[in-house]
Amino acid sequence: MSVRILGIETSCDETAAAVVDDGRRVRSSVVASQADLHARYGGVVPEIASRAHVELICDVIEESLVEAGVSLDEIDAVAAVRGPGLAGALLVGVSAAKAISLAADVPYVGVHHHEAHLYAAMIEDPELEPPLVTLIVSGGHTLLVAMDGHGRYRVLGQTVDDAAGEAFDKIARFLGLGYPGGPAIDRLAREGDPEAIRFPRPMRTDGHDFSFSGLKTAVVQYVRKHPEAEVADVAASFQAAIVDVLVDKLVAAARETGIDTIVAGGGVAANSALRERLLDLAVAGELRVVLPSIALCTDNAAMVAAVAAYRLAADGPTPLETPVVPNLRLV
Ligand code: KG4
Ligand code: ZN
């Protein structure tokens, strides 16, 4: 049976809406980034994000319907991210979804932002099925998760301090590269030598958890001591250290669980050095690797509609009184 879902994402600084059929076929995906609004503050300002979501949400939803060539009465359900994220920002998308649910008389589905990041891979490869080992690397989280089945997760490891994206953003700010930092470092690193400086690879072979604050401190200390260092070399060497840790942990988790398909998601999965290393693994035939396209790695609503198809089939609609939860847990 076919199900068409309108997905909405407003957990951070992207206002997004998308229409997806059967959890895997994207009819439209509209993302309005607020990055320019936050850039001058060097990071996301929650109150500015909420206000911008309020201004953008109706137009973004409308555009997603027009692009998909459907009207509201051709939608079977409406989904929104209800956590984790910024409370005021989450409320905008969830309130819009609940209003549409009432007005169009369709079920509402509240979804988890990281579970949505994981389902981006299902859009990329419509045949993809669990078991999978997944790495979710975003601005706020670094999670290594075994997905044994739809809705069945085991968190194997997570960061004990900074998230991977947060480390990219903080180092970019320190190097004067602006916000958001990940794409800026990624771009500059292409002109630098990743082996120029040997930064530490914290907890590389030590369990499934991550720690990036020591690496951050090492970069800051190095640059203070060597102000003449090429910024591109610092960026490339820092990026190489993070990528080494992420890839080694992912491969170790696959070996330990005996699961041979790995998936990455979240904004940092857009990083070109990380993608290259993961694709090398696939080429070497060691593991099956599924990488969502870059637009599906960073925040978007297609992934929201995709996961909602599974949640709706498994759990039914989410009651309208269910609140947003800024620190919602995956398991
Ligand atoms: O998943 P996402 O779009 O939003 C959150 O859920 O947080 O991730 C945003 C994070 C930011 O920290 C950003 O700097 C990072 O992803 N990011 C990247 C790249 N593109 C975005 N990090 C490294 N390389 C990139 N190309
Ligand atoms: Zn995200």
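First, a word on scope: everything that follows refers to the structure included in this document. (Residues numbered from 1 in each chain as written. Chains lettered and ligands numbered in written order. Predicted model: local features only at pLDDT ≥ 70, side-chain atom pairs only at ≥ 80, totals over all residues. Heavy atoms only, no water.)

1. Digging into the overall build of the protein chain
For clarity, the threshold we go by: Helix numbers and strand numbers start at the N terminus; a helix is a DSSP run of H or I with at least 4 residues, a strand a run of E with at least 2. We compute the radius of gyration from the C-alpha atoms alone; for a globule the expected value is 2.2 Å times N to the 0.38, where N is the number of residues. Any pair of residues with heavy atoms lying within 4.5 Å of one another is described as a contacting pair. Each accessible area value is a Shrake-Rupley result obtained with a 1.4 Å probe; residue values ignore everything except the protein chains displayed when judging cover.
Assigned secondary structure in the protein chain consists of eleven helices and ten strands. Expected size for 331 residues packed as a compact globule is a radius of gyration near 20 Å; at 20 Å, the protein chain falls within 12% of this value. Counting only C-alpha atoms, the protein chain reaches 60 × 45 × 30 Å along its principal axes. A separation threshold of at least 6 residues defines the contact pool for the protein chain, and within that pool the share at least 24 residues apart is 73%. Element-wise, carbon and sulfur atoms account for 52% of the exposed surface of the protein chain, whose accessible area totals about 13,800 Å².

2. Focus on the coordination of the zinc ion (ligand 2)
The expected angle between donors at a tetrahedral four-coordinate metal is 109.5 degrees. At an octahedral six-coordinate metal it is 90 or 180 degrees. Formally: Water is not part of the atom set, so a site may look incomplete; the donors themselves are N, O and S atoms within 2.8 Å of the metal, or 3.2 Å for Na, K and Ca. Throughout, exposure labels follow a simple rule: accessible area from a 1.4 Å probe, protein chains only, divided by the maximum for the residue type, with under 20% read as buried, over 50% as exposed, and the rest as partly exposed.
Taken together, the protein ligands of the zinc ion (ligand 2) are H113 (NE2), H117 (NE2) and D299 (OD), with distances of 2.0 to 2.1 Å. Site description for the zinc ion (ligand 2): donor spacing in sequence, H-x3-H-x181-D. Of the two residues, H113 and H117 are both situated in helix α4 (residues 113-124); the distance of four residues between them amounts to about one turn of the helix. In this structure, H113 and H117 share a single accessibility class: buried.

3. Some thoughts on the site of ligand 1
Threshold: To be near a molecule or strand, a residue needs just one of its heavy atoms within 4 Å of it. For the purposes of these results, a polar contact is taken to be a pair of N or O atoms within 3.5 Å, where, inside protein, one atom must be able to donate a hydrogen and its partner to accept one; residues adjacent in sequence count only when each atom of the pair is a side-chain atom. For this classification, Asp, Glu, Lys and Arg are treated as charged, while Ala, Val, Leu, Ile, Met, Phe, Trp, Tyr, Cys and Pro are nonpolar and the rest, including Gly, are polar.
Around ligand 1, the surrounding shell holds 19 residues, and the nearest of these are G139, D169, G182, D186 and D299. Between H117 and ligand 1, the recorded distance is 3.1 Å, taken from a side-chain N or O atom to an oxygen atom. Expressed as a share of its isolated accessible area of 550 Å², the protein-covered part of ligand 1 is 89%. Among the elements of the structure, α4, α5 (164-174) and α6 (181-189) are those that each provide at least two residues to the shell around ligand 1. The element that contributes the greatest number of residues to the shell around ligand 1 is α6, accounting for four residues. Classifying every residue of the shell around ligand 1 by side-chain character gives four nonpolar, twelve polar and three charged.

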